[in-house]
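In case you want the letters, here they are:
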Amino acid sequence: MMGKETRLFKSEERKSRSDVSEFLHQLADKISQGQAVLSQGQKEITVQLPQSLVLEVQVEDEDKGAKGVQHSLEVEIKWFDDDQGGTLELR
């Protein structure tokens with residue numbers, strides 16, 4: 001039986017490509033440090049990141065009918081409480 005998913009934080013907003021790039025650079029620095037604090041308005045969450053992470057990258061096209069095709073590049077970082085060692089590579 002699968003566990004229940006609980007959304008703790010979500011943000012979606014239109015940004016320029018350079019703003020998205022800057023955010024991802026800042027996030028990368030926080031991942032390297034092992035902790036990230038995400039905030040928007042009154043919402044804030046601190047995420048503790050272990051040494052070993054699962055990195056999932058996905059590219060999708062979704063037909064939105066009259067709006068056309070929506071393209072997405074999704075980056076998901078996952079871990080379990082007891083994750084140990086591992087290697088992340090970016091080529």
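All of these numbers come straight from a predicted model, not from anything done at the bench.

## Things to note about the overall build of the protein chain
Scanning the protein chain for helices and strands turns up one helix and four strands. For the protein chain, the N- to C-terminal ordering of α and β elements is α-β-β-β-β. Buried residues in the protein chain amount to 9% of all 91 residues. Sequence-distant contacts in the protein chain: of pairs separated by 6 or more residues, those separated by 24 or more amount to 35%. Counting every atom, the protein chain has about 8,800 Å² of accessible surface; 48% of that belongs to carbon and sulfur.

## Here we look at the confidence of the model for the protein chain
Per-chain confidence: the protein chain averages 90 in pLDDT, with 89% of residues scoring 70 or above. Across the protein chain, the secondary-structure element scoring lowest on mean pLDDT is strand S2 (residues 43-48), at 93, and the one scoring highest is helix H1 (residues 17-33), at 97.

## Some words on H1
Under the 1.5 Å per step criterion, the end-to-end length of H1 is 25 Å for 17 residues, consistent within 8% with the ideal 24 Å. The positive-phi residue at the C-terminal boundary of H1 is Gly 34, with phi of around 95°.

## Remarks on the pattern of salt bridges
Per the stated rule, a full pass over the model turns up four salt bridges. The residue Glu 56 makes a salt bridge to Lys 78 at a minimum N-O spacing of 2.6 Å. Placement of Glu 56 in strand S3 (residues 54-63) and of Lys 78 in strand S4 (residues 69-78) is noted, with a sequence separation of 22 residues between them. The partner of Lys 64 in a salt bridge is Glu 62, with the nearest N and O atoms 3.4 Å apart. The exposure class of Lys 64 is partly exposed, given its relative accessible area of 36%.

Cut-off values and rules
- Residues numbered from 1 in each chain as written.
- Predicted model: local features only at pLDDT ≥ 70, side-chain atom pairs only at ≥ 80, totals over all residues.
- Heavy atoms only, no water.
- Helix = DSSP H or I, 4+ residues; strand = E, 2+ residues; numbered from the N terminus.
- Buried < 20%, exposed > 50% of the residue type's maximum accessible area, 1.4 Å probe, protein only.
- Contact = heavy atoms within 4.5 Å.
- Areas by Shrake-Rupley, 256 points an atom, 1.4 Å probe, with all protein chains shown as cover.
- pLDDT = per-residue confidence, 0-100.
- Expected span 1.5 Å × (residues − 1).
- Salt bridge = Lys/Arg side-chain N within 4 Å of Asp/Glu carboxyl O.

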